[in-house]
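The chain contents come next:
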Amino acid sequence: MPRPADAGPATRGCVRSTTTRRAALLDRLDALGRSPLRRPARPTCYGDRVQVTAERVHTAYGVDLAALWPRLWLILPEPAVRQVQATHDSFAAGARLATWAVGYAVLACWWWPAALVAVCCAAVARSCARAALDAFAELIEATVDVHARELAERVGLIWADSAAPGHEVGGHGVLGHEVGGRMSELFRKTE
C-alpha cells in the first residue's frame, strides 16, 4: 500500500484535504478547550473535562480553582447557584441512567432483550452526561469570570474603588495573575 507521499496526484489531494480538515477540526476543538490531543490525566473523560476548566482558569487568572470554588460558592447570588445546581443535577441524572444500563446489562444474562435496553440506556446516559458536564464546566468558568473579582474584594486583596493601593490597573475588569496567585496562597493556607 503506497504511503500518502508516494501516492498519485488524486490520492495526494485527498490526503491533503483530509489533513486540512482534521487540522481545522483540531483548531476548533482546541479553541473550545476540548482538544483530543491532550493525554488523559483522569480516569474518565468527565474528569478530564473538569481538569481542562481548572487549567483554563489557572491560565487566565493564576488562581487554583479547587481552592477558589468553595469560597466562591458562598458568595454566589441565588440565580447563579440555581443554574449551577441545575447543570449538576442534569449530570447526576445521566449517571443514574448509566446505573440503570448496568442493571439491564446484568438482566440480559437471563433475558436477551434487556441487552437492547442496556445499550440504549448507556448511549443516552453518555450523551446526557457529556452535555451536562460541558454545560457545568462552562458555568464554573463563567462564574469565576464574573465573581472572582468580587471575592478578591471581599477578602481584602483588592479594593472596590480604583484609587485604593494595590488595585488592578483601570479599576475594573478581570482578575489579574498577581491577585489570583495571592488568592490561591490565601485559600490554600500556605505561608
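Scroll up to find the structure.
Keep in mind that this is a model prediction, so the values were computed, not measured.

1. Some details on the pattern of salt bridges
Here the idea is simple: oppositely charged side chains can pair when their charged atoms come close. According to the stated counting rule, one finds eight salt bridges in the structure shown. A salt bridge links D64 to R188; its shortest N-O distance comes to 3.3 Å. Of the two residues, D64 sits in the loop between α2 (45-61) and α3 (65-75) while R188 sits in helix α6 (residues 177-188), which places them 124 residues apart along the sequence. Here D64 falls in the partly exposed class, since its relative accessible area comes to 25%. What makes R188 partly exposed here is its relative accessible area of 44%. Connected through salt bridges with shared partners, the residues R49, D134 and E138 form a single ionic network.

2. Re the nonpolar core
One finds L68, V144 and M183 to be the most contacted residues of the largest nonpolar core, which totals 27 residues. Looking at this core, the element that brings in the most residues is helix α5 (residues 113-154), giving eight residues. Here L68 is in contact with V63, V144, L151, M183 and F187, once residues within four sequence places are set aside.

3. So, a nonpolar patch on the surface
There is a patch of nonpolar side chains on the surface, built from V102, V106, L107, W110 and W111 and spanning about 580 Å² of accessible area. Mapping V102 onto the fold places it in helix α4 (residues 78-107). Owing to a relative accessible area of 52%, V102 belongs among the exposed residues under this scheme.

4. Here we look at the packing of aromatic side chains
Any aromatic ring pair is given by two values, namely how distant the centres are and how the planes are angled relative to each other. One pass over the structure, following the stated rule, counts three aromatic pairs. Between Y46 and F91, the aromatic rings sit 5.5 Å apart at their centres with planes inclined by 70°, giving edge-to-face as the arrangement. Of this pair, Y46 sits in helix α2 while F91 sits in helix α4, and the two are 45 residues apart along the sequence. With relative accessibility at 22%, the residue Y46 sits in the partly exposed group. The class of F91 is partly exposed, set by a relative accessible area of 25%. Ring plane angle 35° and centroid distance 6.1 Å describe the contact between W100 and Y104, whose orientation is recorded as tilted.

What counts, and at which threshold
- Residues numbered from 1 in each chain as written.
- Predicted model: local features only at pLDDT ≥ 70, side-chain atom pairs only at ≥ 80, totals over all residues.
- Heavy atoms only, no water.
- Salt bridge = Lys/Arg side-chain N within 4 Å of Asp/Glu carboxyl O.
- Helix = DSSP H or I, 4+ residues; strand = E, 2+ residues; numbered from the N terminus.
- Buried < 20%, exposed > 50% of the residue type's maximum accessible area, 1.4 Å probe, protein only.
- Core = buried A, V, L, I, M, F, W, Y, C linked by side-chain atoms within 4.5 Å.
- Contact = heavy atoms within 4.5 Å.
- Patch = residues over 30% accessible without salt bridge, like charges linked within 9 Å, V, L, I, M, F, W, Y side chains within 5 Å.
- Areas by Shrake-Rupley, 256 points an atom, 1.4 Å probe, with all protein chains shown as cover.
- Phe/Tyr/Trp six-rings, centres within 6.5 Å; stacked < 30°, edge-to-face > 60°.

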